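The chain contents come next:
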Amino acid sequence: MSAAVRSFFGRPIIIGGGIAGLLTALHLAPEPVLILSRTPLGSEASSAWAQGGLAGSLGDDDDPVLHLADTLAAGDGLCDAEIATRILHTAPNAIEALATLGVRFDRTPEGALRLGLEAAHGRRRIVHAGGDGSGREIMRALITAVRSTPSIVVVEGVEARRLAVEDNTVRGVWASCSMSPVFLGTGRVVLATGGIGGLFHDSTNPLGSCGQGVALAARAGAVLADLEFIQFHPTALDGHGRPMPLISEAVRGEGATIVDETGRRFLEDLHDAELAPRDVLTRAVWNHLANGHRVFLDARQRPGPEFERQFPTISSACRGVGINPVRDLIPIRPAQHYHMGGVAADGSGRTSVKGLWACGEVASTGLHGANRLASNSLTEAVVCARWVAESVAGSPIGVRTRLTAREIPSPDPISLRPLLSRSLGVERDGEILREAVSTLLPLAKRHDAASDPAAVGLMIAIAALQRRESRGAHYRTDFPDRAAIARRSRLTLDEALATARAFACSRTLEEVEQ
Ligand code: SIN
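Described below are features of the structure shown in this document. Being a predicted model, the structure only gives us computed values, none of them experimental.

Topic: the overall build of the protein
Next, step 1: Within the protein one finds 17 helices and 19 strands.
Next, step 2: For 514 residues, the compact-globule estimate of 2.2 N^0.38 gives 24 Å, and the protein sits close to it at 22 Å.
Next, step 3: Taking the principal axes of its C-alpha atoms as reference, the protein extends roughly 65 × 60 × 40 Å.
Next, step 4: Across the 514 residues that make up the protein, the buried fraction comes to 61%.
Next, step 5: Sequence separation of at least 24 residues holds for 72% of the intrachain contacts in the protein that already meet a minimum separation of 6.

What follows is the structure, encoded as structure tokens:
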């Protein structure tokens, strides 16, 4: 690693080069910051793949209070109403600020932002850019801005492997780089590492997103929140391609319907049908598939001939597998899409470890509750990046420590995907979760490529076992009802390991809890 990078000693380090990381860096300017990105900027961030846009109450018929009501309803009793209120009231201004950074949002002929509809939103309030290429366009503008900001140094091809923490305070980052491992001393680290889709066989996320941020924070002793809440998108393109191409909810917002192989619109009896909250729709599609049906999106009438213009990315994915959405039904199935849980963080991204912040999907602020409302995630990242930057800028630089570099294996979840997909999927069951815990426990304690993904999977499985109810995206076949009292969950890696060890010596969760 170059001397220029080493001269950043003590400066903030942002781990991750998606929308959350890039915007945090831009808001920190002119303070020098280092962005560590595993891959070249824009090439593998989930952000760049986002089709849905940003949700914000920008329409004349809308209000942050209405946006909040939809968010709380989708979150199924588990949102943090205070943080949700703050974020959603700030959203319209944060979206306008992106436009001033150069993001070319879709507009009406009169120049107003064009507002789309997605499931469980009571108003048209989704701002897109380039139709279904919103993430790509936002990343383009942010990368341009970052590359022309002299105070930001981006190091691509470097992966953060561990955080150095003493007395619950960040001292630096152990990272890999092409030649040798390196230690970067700093008292301020922002995690902006994205999600966990790479842990699953069926996911719409880049395969390389396998919970690195959750693992870094967990091994540093941080508190994780709501880990069991994983969102499965109901309409991924059902084919051989992995990751699975997403068919945006906006397609249903424009009138596409869901049918089975007989042409029956089997969701007709469901409240709000195709525009029901994502968790509800996902389970309905999942059950229909489990009953031996095939499930399709029918976009032939609506959006019909407009499809290609409105959804160029999806059109191209469909054509890639020989499907013409104007003529053919599009085969779909649910796929892992987003992690509502993550590193417990307040609105400013502060975690339970001093000097550690989290922003974007890796953070669990409480906005999403048990089920994220569509397009609220980019909104959260964009709003919170400013607050995170303000908090980082206002924090002491911290003790400068020099430690020797350490070789830590790069995470590789491939061997765990079958187990994690089976145990942590759309429907969970106590027995299967228990088996997963006993398989994952020894793997999480090893020092190899599977150990970090195993630790993340283990913590999610423990959180899923401890939540003995069904709520939002977490559905337990053995506890199908919602508990009377909604409570968020919190867990550290040490607690998860202790609970897993207790399982190993007992037969039931009741015994462990006694
Ligand atoms: C979609 O476009 O359906 C996905 C949007 C989101 O995940 O928020």
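Some thoughts on the pattern of salt bridges
Should the charged atoms of two oppositely charged side chains come close, the side chains can pair.
Next, step 1: What the rule picks out here adds up to 33 salt bridges.
Next, step 2: The residue R278 makes a salt bridge to E249 at a minimum N-O spacing of 2.8 Å. One end of the pair, R278, is in helix 9 (residues 278-290); the other, E249, is in helix 8 (residues 249-253), and 29 residues separate them in sequence.
Next, step 3: Salt bridges here are not isolated pairs; linked through shared partners, they connect E228, R467, E469 and R471.

Remarks on the pairing of strand 2 (residues 33-37)
Next, step 1: Counting buried positions over the 5 residues of strand 2 gives 5, a clear majority of the element.
Next, step 2: Direction of pairing for strand 1 (residues 13-15) relative to strand 2: parallel, over a ladder of 3 bridges. Its bridge partner being in strand 2, I15 is matched across the sheet by L36.
Next, step 3: Handedness of the β-α-β unit built from strand 1, helix 2 (residues 19-28) and strand 2 comes out right-handed.

Some words on the packing of aromatic side chains
Next, step 1: If you walk through the whole model with that rule in mind, you get 3 aromatic pairs.
Next, step 2: Pairing W174 with F183 gives two aromatic rings, centres 5.4 Å apart and planes at 55°, and the pair type is tilted. In this pair, the class of W174 matches that of F183, namely buried.
Next, step 3: Considering the side-chain rings of F307 and F311, the 5.3 Å spacing of their centres and the 55° angle between planes classify their relative orientation as tilted. The exposure classification of F307 matches that of F311, with both residues buried.
Next, step 4: It is R86 that lies over the ring of W387; its NZ or CZ is 4.1 Å from the centre.
Next, step 5: One Lys or Arg, R406, reaches over the ring of W174 and ends 4.3 Å from the middle of that ring.

Re the state of the cysteines
Next, step 1: As enumerated under the stated definition, the model contains 0 disulfides in all.
Next, step 2: Not engaged in a disulfide, the cysteine C210 finds its nearest cysteine sulfur in C177; these two sulfurs lie 19 Å apart.
Next, step 3: In this structure C359 is not part of a disulfide, and its nearest cysteine sulfur, from C384, lies 5.9 Å away.

Focus: the site of the ligand
Next, step 1: In the vicinity of the ligand, the contacting residues are G52, E118, H233, L246, S248, E249, R278, H337, R372, A374 and S375.
Next, step 2: R372 is positioned with one of its side-chain polar atoms (N or O) 2.7 Å from an oxygen atom of the ligand.
Next, step 3: Contacts to the ligand include S375, whose backbone N or O atom sits 2.6 Å from an oxygen atom.
Next, step 4: Coverage of the ligand by the protein amounts to 94% of the 250 Å² it exposes when considered alone.

Side note on the sheet that holds strand 19 (residues 490-491)
Consider a sheet: its strands pair through backbone hydrogen bonds, and that pairing is either parallel or antiparallel.
Next, step 1: Pairing is mixed in the open sheet, where 4 strands are placed in the order 18-16-11-19. If you trace the sheet from one side to the other, it starts and ends with strand 18 (363-364) and strand 19, each paired once.
Next, step 2: Both strand 11 (residues 224-225) and strand 16 (residues 342-344) contribute to a ladder of 2 bridges, which runs antiparallel. The residue bridging L224 from the neighbouring strand is V343, located in strand 16.

Details of helix 12 (residues 376-393)
Next, step 1: If you check helix 12, its first and last C-alpha atoms are 26 Å apart, about what 18 residues at 1.5 Å a residue would give, namely 26 Å.
Next, step 2: At C384, helix 12 shows its largest bend, some 30°.
Next, step 3: Helix 12 sits mainly inside the fold: 15 of its 18 residues count as buried.

Points about the packing of helix 2 against helix 12
Next, step 1: Two numbers describe how helix 2 lies on helix 12: the axes approach to 8 Å, and their chain directions differ by 40°. Relative to helix 12, the element helix 2 lies oblique. Crossing hand, helix 2 versus helix 12: right-handed. Counting all contacts with helix 2, which are made through I19, A20, L23, T24, H27 and L28, the residues of helix 12 involved are L378, A381, V382, A385, R386, V388, A389, V392 and A393.

Structural notes on the sheet that holds strand 3 (residues 54-55)
Next, step 1: Read across the sheet, 3 strands follow the order 3-5-4 without closing on themselves; strand pairing throughout is antiparallel. Each edge of the open sheet is held by one strand with a lone partner, namely strand 3 and strand 4 (115-116).

Considerations on the packing of helix 7 (residues 212-219) against helix 15 (residues 451-466)
Next, step 1: Look at helix 7 against helix 15: their axes get within 9 Å of each other, and the N-to-C directions meet at 85°. Between helix 7 and helix 15, the interaxial angle falls into the category roughly perpendicular. From helix 7, V214, A215, A218 and R219 reach across to helix 15, where they touch S451, D452, A455, V456 and M459.
Next, step 2: Residues of the contact of helix 7 with helix 15, tallied by class, amount to 6 nonpolar, 1 polar and 2 charged.

A word on the environment of F479
Next, step 1: By the secondary structure assignment, F479 is in the loop between helix 15 and strand 19.
Next, step 2: Remark: the alpha-carbon pair of F479 and E469, spanning 10 residues in sequence, is separated by 4.9 Å.
Next, step 3: Among all residues touching F479, those that are not within four sequence positions of it are R468, E469 and S470.

Focus: the nonpolar core
Next, step 1: One finds I15, L36, V173, L191, L356, L458 and M459 to be the most contacted residues of the largest nonpolar core, which totals 69 residues.
Next, step 2: The element that contributes the greatest number of residues to this core is helix 15, accounting for 11 residues.
Next, step 3: Of all hydrophobic cores here, the second largest spans 54 residues; its members include A20, L26, I138 and C359.

Re unusual backbone geometry
Next, step 1: In this model, R242 is joined to P243 through a cis peptide bond whose omega is -5°.
Next, step 2: With respect to the helices and strands, P243 occurs in the loop between strand 12 (230-237) and helix 8.
Next, step 3: A cis geometry characterises the amide bond from R302 onward to P303, with omega recorded as 0°.
Next, step 4: Here P303 shows up in the loop between strand 14 (295-298) and helix 10 (307-310).
Next, step 5: With a phi close to 60°, N168 is a non-glycine residue in the positive phi region.
Next, step 6: Structurally, N168 can be placed in the loop between strand 7 (159-166) and strand 8 (169-176).
Next, step 7: With a phi angle near 50°, D226 is a residue other than glycine that sits in the positive phi range.
Next, step 8: Topologically, D226 is positioned in the loop between strand 11 and strand 12.
Next, step 9: For D226, a relative accessible area of 2% gives the class buried.

Cut-offs applied
- Residues numbered from 1 in each chain as written.
- Predicted model: local features only at pLDDT ≥ 70, side-chain atom pairs only at ≥ 80, totals over all residues.
- Heavy atoms only, no water.
- Helix = DSSP H or I, 4+ residues; strand = E, 2+ residues; numbered from the N terminus.
- Rg over C-alpha atoms; globule rule 2.2 N^0.38 Å.
- Buried < 20%, exposed > 50% of the residue type's maximum accessible area, 1.4 Å probe, protein only.
- Contact = heavy atoms within 4.5 Å.
- Salt bridge = Lys/Arg side-chain N within 4 Å of Asp/Glu carboxyl O.
- Pairing = 2+ DSSP bridges.
- Right-handed = clockwise from strand over helix to strand, strands pointing away.
- Phe/Tyr/Trp six-rings, centres within 6.5 Å; stacked < 30°, edge-to-face > 60°.
- Lys NZ or Arg CZ within 6 Å of the ring centre and 35° of its normal.
- Disulfide = S-S within 2.5 Å.
- Near = heavy atom within 4 Å.
- Polar contact = N/O pair within 3.5 Å; in protein donor to acceptor, adjacent residues only side chain to side chain.
- Areas by Shrake-Rupley, 256 points an atom, 1.4 Å probe, with all protein chains shown as cover.
- Expected span 1.5 Å × (residues − 1).
- Bend = angle between axes of the 7 residues up to and from the residue.
- Axes fitted to C-alpha atoms, helices over the stretch in contact; angles between N-to-C directions.
- Parallel < 35°, antiparallel > 145°, perpendicular 65-115°, else oblique.
- Left-handed = near helix turned anticlockwise from the far one by under 90°.
- Nonpolar A, V, L, I, M, F, W, Y, C, P; charged D, E, K, R; others polar.
- Core = buried A, V, L, I, M, F, W, Y, C linked by side-chain atoms within 4.5 Å.

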